[in-house]
Amino acid sequence: MTNSEHAHDFAPPIDGLAIDDATQRRLFLEARSNTEFAEGDVPDSVIRNVFDLIKWGPTANNTTPMRVAIARSEAARSAVIDNALEGNRAKLSNAPVLLVVARDDRFHDHFSVTSPGSEGSAERLEAAPERRTTMATTGSWLQAGYLIVGLRAAGLAVRPYGGFDKEGLDNALFSDTSWGSIALLGVGYPSDSEHGAGPRKGRVSNDVGVASL
């Protein structure tokens, strides 16, 4: 059974959405968390173009706290793989491109761009590092969701990973920065033959997930 056939049986497109059926399937139904990818690299320009699109998604105070590190060098790829949980290392090794999604605890330094006229807010955040880290983490997770959908929209397959030694990876890659890793993404163009994600698992219905109060 192909990805498309399985997706149609599992969850047909939703009537009434502004995007067409093919786009719904592409972004949500057929897309899988691949461990197998087509041969070939993903240029940095593709990742950068996706970032330039998804950065416009709404965030608290219009901030852009998420940062994306493209682990291109052998040292950077090794740092990502070596600090992953053992069960994730082979999967990450299969991905043509490894991305480290990070938060920037100094996101408020860019308020003149993202929030003109909020200089007072930047000063208050400068004096409150714990609140700043909380805001950076929350906002970065929100933007990470946008990033995954944006990468899918660019024709890429994406598998996110949360199981890794964040302190070890930060020491290896971000020791001289204000960045802190929150997630890993294995990225590449999808394989025509196999995604490696296994059978599609279920999700709760909207009766469970949505409440009218």
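It should be noted that the structure appears before, not after, this text.
Not measured: the values here are computed from a predicted model. Throughout this document, residue positions are counted from 1 along each chain, in the order its sequence is written. For this predicted model, a pLDDT threshold of at least 70 governs which residues receive local features, and a threshold of 80 or more governs which side-chain atom pairs are given and counted, while totals over whole chains, interfaces and linings are taken from all residues. To get the side-chain values, take all heavy atoms of the structure and skip hydrogens and water.

S.K.: Explain helix α4 (residues 74-82) here, please?
M.R.: Residue pairs spaced three or four apart in an α-helix point in one direction, given the helix's 3.6 residues per turn. Three exposure classes are used, based on accessible area relative to the maximum for each residue type with a 1.4 Å probe and protein chains only: buried under 20%, partly exposed in between, and exposed over 50%. Secondary structure is summarised from DSSP: a helix means a run of H or I of at least four residues, a strand means a run of E of at least two, and numbering begins at the N terminus for each. Every buried residue of α4 is accounted for by Ala76, Arg77, Ala79, Val80 and Ile81. For α4, the secondary structure elements touched by its buried residues are α5 (86-94), β2 (97-104), α9 (166-173) and β4 (179-188). Whether two residues are in contact is decided by their heavy atoms: any pair within 4.5 Å suffices.

S.K.: Even after reading the chapter, I still don't get the packing of α4 against α9, so can you show me in this structure?
M.R.: Helices that pack against each other are described as a pair by the angle of their axes relative to one another and the distance between those axes. For helices, the fitted line uses only the C-alpha atoms of the stretch in contact; every axis is such a line through C-alpha atoms, and the angle between N-to-C directions lies from 0 to 180 degrees. Between α4 and α9, the shortest axis-to-axis distance is 9 Å and the interhelical angle comes to 170 degrees. With respect to α9, the element α4 is oriented roughly antiparallel. Residues Ala76, Ala79 and Val80 of α4 lie in contact with α9, whose contacting residues are Leu169, Ala172 and Leu173. Classification convention: Asp, Glu, Lys, Arg as charged; Ala, Val, Leu, Ile, Met, Phe, Trp, Tyr, Cys, Pro as nonpolar; all other residues, Gly among them, as polar. Residues that form the contact of α4 with α9 fall into these classes: six nonpolar, no polar and no charged. An angle counts as roughly parallel when it lies under 35 degrees, as roughly antiparallel when it exceeds 145, as roughly perpendicular when it falls between 65 and 115, and as oblique in every other case.

S.K.: Before we go on, may I ask you to explain the side chain of Arg200 in this structure?
M.R.: Mapped onto the fold, Arg200 is located in the loop between β4 and α10 (206-209). Residues scored as positive are Lys and Arg, those scored as negative are Asp and Glu, and His as well as the terminal groups of each chain are ignored. One side-chain nitrogen of Lys or Arg within 4 Å of one carboxyl oxygen of Asp or Glu is enough to make a salt bridge. Here Arg200 sits buried without a salt bridge, and the closest side chain of opposite charge, Glu30, lies 8.5 Å off (N-O distance). A 3.5 Å cut-off defines polar contacts: any pair of N or O atoms within that distance qualifies, except that in protein one atom must be a possible hydrogen donor and the other a possible acceptor, and neighbouring residues in sequence count only when both atoms are side-chain atoms. Separated by 3.3 Å, the side chain of Arg200 and the backbone oxygen of Ala31 make a polar contact.

S.K.: Can you help me understand the packing of helix α2 (residues 21-29) against helix α8 (residues 129-153) in this one?
M.R.: It is at 9 Å that the axes of α2 and α8 come closest, and there the two elements cross at 125 degrees. With respect to α8, the element α2 is oriented oblique. The two elements α2 and α8 meet at a crossing, and its hand is right-handed. In contact with Arg26, Leu27 and Phe28 of α2, α8 contributes Val149, Arg152 and Ala153. The handedness criterion is simple: a crossing whose near helix is rotated anticlockwise from the far helix by less than a right angle is left-handed, and one whose near helix is rotated clockwise is right-handed.

S.K.: Sorry if this is basic, but what is going on with the packing of aromatic side chains here?
M.R.: Two aromatic rings are characterised by how far apart their centres lie and by the angle between their planes. Only Phe, Tyr and Trp rings take part, Trp by its six-membered ring, and two of them pair if their centres are within 6.5 Å. Stacked means planes under 30 degrees apart, edge-to-face means over 60, and tilted covers everything else. Inspection of every chain in the model, using the stated rule, returns two aromatic pairs. Pairing Phe107 with Phe111 gives two aromatic rings, centres 6.2 Å apart and planes at 55 degrees, and the pair type is tilted. Each member of the pair, Phe107 as well as Phe111, is classed as buried. Measuring from centroid to centroid gives 5.4 Å for Phe174 and Trp179, while their planes differ by 55 degrees, and the two rings are tilted. Judged by relative accessible area, Phe174 falls into the buried class, the value being 6%. In this structure Trp179 comes out as partly exposed when scored by relative accessible area, which is 27%. Note on geometry: a ring has a charge over it if NZ (lysine) or CZ (arginine) is within 6 Å of the ring centre and within 35 degrees of the ring normal. The ring of Phe164 has Lys166 lying over it, and the distance from NZ or CZ to the ring centre is 4.5 Å.

S.K.: What is the right way to read the sheet that holds strand β3 (residues 157-161) from this model?
M.R.: Paired through backbone hydrogen bonds, the strands of a sheet run either parallel or antiparallel to each other. For two strands to be treated as a pair, DSSP must find at least two bridges joining them. Read across the open sheet, the four strands follow the order β1-β2-β4-β3; overall the sheet is antiparallel. The open sheet terminates on both sides in strands that have one partner only, identified here as β1 (66-70) and β3. With strand direction ignored, the average angle separating the axes of adjacent strands in the sheet is 30 degrees. Seen against the sheet, α8 touches β1, β2, β3 and β4 and runs at an angle of roughly 150 degrees to β2.

So far we have only geometry, and geometry alone does not tell us how the molecule works.
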